[in-house]
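# Close look at the chain arrangement
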Amino acid sequence: MRHLHDYASEVALTREEWELGIRVLTETGRITDDRRQEFVLWSDALGLSMLVDALENPLPEGATESTVLGPFYVPGAPLLDYGESIARRPAGDPAWVHGRVLDVDGSPIGGAELDVWQNGDDRLYAVQDPEAPESHLRGRFLTRDDGTYAFLAVRPVPYTIPDDGPVGRTLAATGRHPWRPAHIHLIARAQGYRSLATHVFDAASDWIDSDAVFAVKPSLLREFVRHDGEQGRPPGVEGPWWSVENDLVLVPEPD
């Protein structure tokens, strides 16, 4: 409360400005529902989410960095087998995502859960598309005993955060764009380790240097490699496909 009062005094807040602030908060509440979280979007677009993430997650050397959860995460994705596809309908160029989950000493973590979600070539997440199956472009996977995991995704594309509400109007008023670079979301969970919410960013994506929610970290950039031949081709995939390797290093829970 003292900070709030000091701020109002510092900027000499007027009643007109106070009323506008109340209207913005009211509209944010009205536009928020089970498919859209405008309050989280505010936090992301103002950089607050990344600041909280940095304050809460000091990491030892070699550990995978975290980033924003984002407003489109929905718990309860289906548990799928190693190598299965998360696409329930055509959604873009196939992408084989694979890697290992390790501890900071390099030992594999078997039985870790990866909760993944992404957008498709229409730039939408399933939660944004009322015609998409609920499980489209979402899934959970368990690592094998040697810490390996793999799943078939699609190569993600850049997209705009929802900009038809109060957050979007604020971005426009301040000369900022609403674009996010292409990425896949991951949450890694394992008993005895801190949960990790992170991204796999496509290093070749547009907007990689000006993410609307400040979430890009150089350590999270990955190269998506194109394949035209048959070697290593995932089952059921025809035509060109992509692959990306992404190891995750988890930090033990404090005693």
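See above for the structure.
Residues numbered from 1 in each chain as written. Predicted model: local features only at pLDDT ≥ 70, side-chain atom pairs only at ≥ 80, totals over all residues. Heavy atoms only, no water.

### With respect to the overall build of the chain
When helices and strands are counted, the chain shows 5 helices and 12 strands. With the principal axes as the frame, the chain shows a C-alpha extent of 65 × 45 × 30 Å. For the chain, with 255 residues in total, the buried portion stands at 44%. Considering only intrachain contacts with a sequence separation of at least 6, the fraction spanning at least 24 residues in the chain is 73%. In the structure as shown, the chain presents an accessible area of about 13700 Å², 53% of it carried by carbon and sulfur atoms. (Helix = DSSP H or I, 4+ residues; strand = E, 2+ residues; numbered from the N terminus. Buried < 20%, exposed > 50% of the residue type's maximum accessible area, 1.4 Å probe, protein only. Contact = heavy atoms within 4.5 Å. Areas by Shrake-Rupley, 256 points an atom, 1.4 Å probe, with all protein chains shown as cover.)

### Some words on the nonpolar core
One finds I86, V101, F151 and L250 to be the most contacted residues of the largest nonpolar core, which totals 28 residues. Secondary-structure elements contributing two or more residues to this core are β1 (94–103), β2 (113–118), β4 (148–154), β7 (183–189), β8 (196–202), β11 (241–245) and β12 (248–250). A per-element tally of this core places β4 first, with 4 residues. For F151, the residues in contact, after removing those within four places along its chain, are G83, E84, I86, A95, W96, V97, V116, F141 and L186. (Core = buried A, V, L, I, M, F, W, Y, C linked by side-chain atoms within 4.5 Å.)

### Considering unusual backbone geometry
Even without being glycine, A12 reaches a positive phi, approximately 50 degrees. Turning to its location among the elements, A12 is positioned in the loop between α1 (2–10) and α2 (15–31). Of the residues examined, A12 reaches a relative accessible area of 54% and is grouped as exposed. At L137, a residue that is not glycine, the phi angle is positive and equals roughly 60 degrees.

### Quick look at the packing of aromatic side chains
Within the structure shown, the criterion is met by 6 aromatic pairs. Look at Y73 and W117: their rings are 4.7 Å apart centre to centre, the planes differ by 50 degrees, and that puts the pair in the tilted class. Here W117 lies in strand β2 and Y73 lies in the loop between α4 (48–56) and β1, a separation of 44 residues in the sequence. Ring-pair connections join several aromatic residues into one group, and the members of that group are F72, Y125 and Y159. Directly above the ring of Y82 sits R144, whose terminal nitrogen or CZ lies 3.7 Å from the centroid. Residue placement shows R155 over the ring face of W242; its charged tip is 4.0 Å from the ring centre. (Phe/Tyr/Trp six-rings, centres within 6.5 Å; stacked < 30°, edge-to-face > 60°. Lys NZ or Arg CZ within 6 Å of the ring centre and 35° of its normal.)

### So, the pairing of β1
In terms of burial, β1 is largely enclosed, as 8 of its 10 residues are buried. Looking at chain direction, β1 and β11 are connected through 4 bridges and run parallel. Its bridge partner lying in β11, V97 is registered against V244. Where β1 meets β12, 3 bridges bridge the pair, whose relative direction is parallel. Opposite V101, over in β12, you have L248 as the bridge partner. (Pairing = 2+ DSSP bridges.)

Spatial relationships are all this shows, so hold off on functional conclusions.
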